[in-house]
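Notes for the structure review
Given next are the chains, with one letter for each unit.
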Amino acid sequence: MIERTFRGGVHPDDGKAYSRDAALTVYEPKGELVFPVSQHIGKPAKVAVSVGDRVLAGQVIAQQDGYVSSNIHSSCSGTVKAIEKRRTVMGNLVECVVVESDGKFRTVKGMGAKADFRNMNRETILQRIRDAGIVGMGGASFPTPVKLEPKNPDGIEYVIVNGAECEPYITCDDQLMRTHAGEIVTGLEVILSLFPKAQGVIVIERNKPEAIAAMTEAAAMSKNIRVQPAPTKYPQGGEKSIIKVVAGKDTKMSQLPAEAGCIVDNVSTVYAIYEAVCLATPLIRRAVTVTGPAVRNPSNFIVRVGTPFRELLEAAGGLVEGAEVRKAIAGGAMMGIALPDLDVPVQKASNALTLLTVDGAEESERKLTACIRCGRCNEVCPMGLTPQMMGVAAERKDYQKYENRLYGLECISCGSCTYVCPAKRPLMQLFKDAKGAILEARRAAQQGGGAK
Ligand code: SF4
Ligand code: SF4
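Let me begin by describing the structure that accompanies this report. This one's a predicted model, so the numbers in the text were calculated from it and none came from an experiment.

**Structural notes on the site of ligand 2**
In the neighbourhood of ligand 2, the contacting residues comprise C371, I372, R373, C374, G375, C377, Q388, C421, P422, A423, R425 and L427. Of the residues in the shell around ligand 2, the class split is eight nonpolar, two polar and two charged.

**Focus: the site of ligand 1**
In the vicinity of ligand 1 there are 13 residues, among which C381, C411, C414, G415 and C417 approach most closely. Mapped onto the shell around ligand 1, the elements with two or more residues apiece are α11 (387–395) and α13 (416–420). Residues that form the shell around ligand 1 fall into these classes: ten nonpolar, three polar and no charged.

**Details of the pairing of strand β17 (residues 352–356)**
Taking burial as the measure, the five residues of β17 include five buried ones, the bulk of the element. Here β17 shows a buried face lined by A352, T354 and L356 and a second buried face lined by L353 and L355. As judged from the three bridges shared by strand β13 (residues 285–291) and β17, these two strands associate in the parallel manner. Bridging across to β17, T289 finds its partner in A352.

**Things to note about the environment of C417**
Examined against the element boundaries, C417 turns out to sit in helix α13. Classification of C417 by relative accessible area gives buried; the value is 8%. Sequence spacing of C417 and N378 is 39 residues, and the spatial spacing of their C-alpha atoms is 7.3 Å. Apart from residues no more than four positions distant in its own chain, C417 is found in contact with C377, V380, P387, L427 and F431.

Reading the values: the criteria
Sequence positions are assigned chain by chain, starting from 1 and proceeding in written order. The order in which chains are written sets their letters, starting at A; the order in which ligands are written sets their numbers, starting at 1. Where totals are concerned, whole chains, interfaces and linings use all residues; where local detail is concerned, this predicted model gives features only for residues with pLDDT of at least 70, and gives and counts side-chain atom pairs only at 80 or more. With hydrogens and water set aside, each side-chain value is computed from the structure's full complement of heavy atoms. Put simply, a residue is near a molecule or strand once any heavy atom of it comes within 4 Å of that molecule or strand. Charged residues are taken to be Asp, Glu, Lys and Arg, nonpolar residues to be Ala, Val, Leu, Ile, Met, Phe, Trp, Tyr, Cys and Pro, and polar residues to be all remaining types, Gly included. Numbering goes from the N terminus for both helices and strands, where a helix is a DSSP run of H or I of at least four residues and a strand is a run of E of at least two. In this scheme, a residue with accessible area under 20% of its type's maximum is buried, one over 50% is exposed, and one in between is partly exposed, where area comes from a 1.4 Å probe on protein chains only. Criterion used throughout: strands pair if DSSP finds at least two bridges between them. What makes two residues a contact is simply this: any of their non-hydrogen atoms within 4.5 Å.

Functional significance is not addressed by these values, which are geometric in nature.
Here it is as structure tokens:
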């Protein structure tokens, strides 16, 4: 049988050897923890504490404000030290609740209490997930409860657990699957209980044989759950790619996975759902990889949200002697975000700190040079776009052509085109700028129209 795959894609050096076998260990933070009120797509949460308040781990310190929003919890016990704007992974200033930890990590009453989801109705399950402040932890940060309430729940055919972890360097999901397979399967069963007509599919790239074995064993007793190994090809873990691989359907950027009969959740998110529903535990900790050629002991940690990245680097032994760090990235080398500094806190969607040296950073520091029309970028685009022409339109700021004739808003920012370009054109950055300008112009037009 021919294996189904998505169009295009690339095979970058995955860099996973640095940390793939580093066992998950718990890291407990030392000093203050910082909680941005906006760690999700949608409206920022509303601060629910004051300076001087004593708080506990698991306590809501900023409340979900509207349907597309999410609760923020303190991940430690201690005292609210400040409520002020601080820089976050995105480089922007965001209102944050700063908690001075007392180092005891005392929790709110009832946290950790075991419960069987089979005795819960749909609304109770969704409320637990909502209360726990769960968002997409693979990077998207979209509030999970919204995703779990599609217009037509009976139309959902597949609940897909995204264990592809195709992004170079990152290995925390691999480790989570190897060590917490049973909990992830239970998390998937929780989601499946909301979609009685759906089957569960756990997609894992073949470069993670231990995770495939562990998840297959854990899922062996579940009739409607299967593990689907997939070729190691970037961006296998992109939402569009994974839907194609499992359901055989092509989807557009403007289309929700539910419209294609799919719910897609990252492995860490599914684990967080298990904790929220079966252990009354909000999203206050997550798995994070600290890796790259500049890191002395590349590691996989279970980390409290709010911990500064700098502490994680120290916990991983600091820098290799003489290493010249050219780039610190939140995430992996293809889609990660260059960090403004290491003092920014780990957020719910922070899966890695990757420190690249001169060689590794070269790929992401490209100069604008002329296209030699080799066509490679067009061949690898998983969305079937024409990055070569989009690049020209974006450079000329011809956004009309970029959007309407070249469908540039369908770009998923995977960076595959940039990766293969022999002229080293910074295509993905050009597309990000173009998309930003188009969406900004749309917003301005809407506001102008509303003011009339
Ligand atoms: S960054 Fe956009 S245009 Fe380039 S390959 Fe990915 S989806 Fe295609
Ligand atoms: S890969 Fe680079 S050089 Fe080749 S066609 Fe695309 S933009 Fe031009």
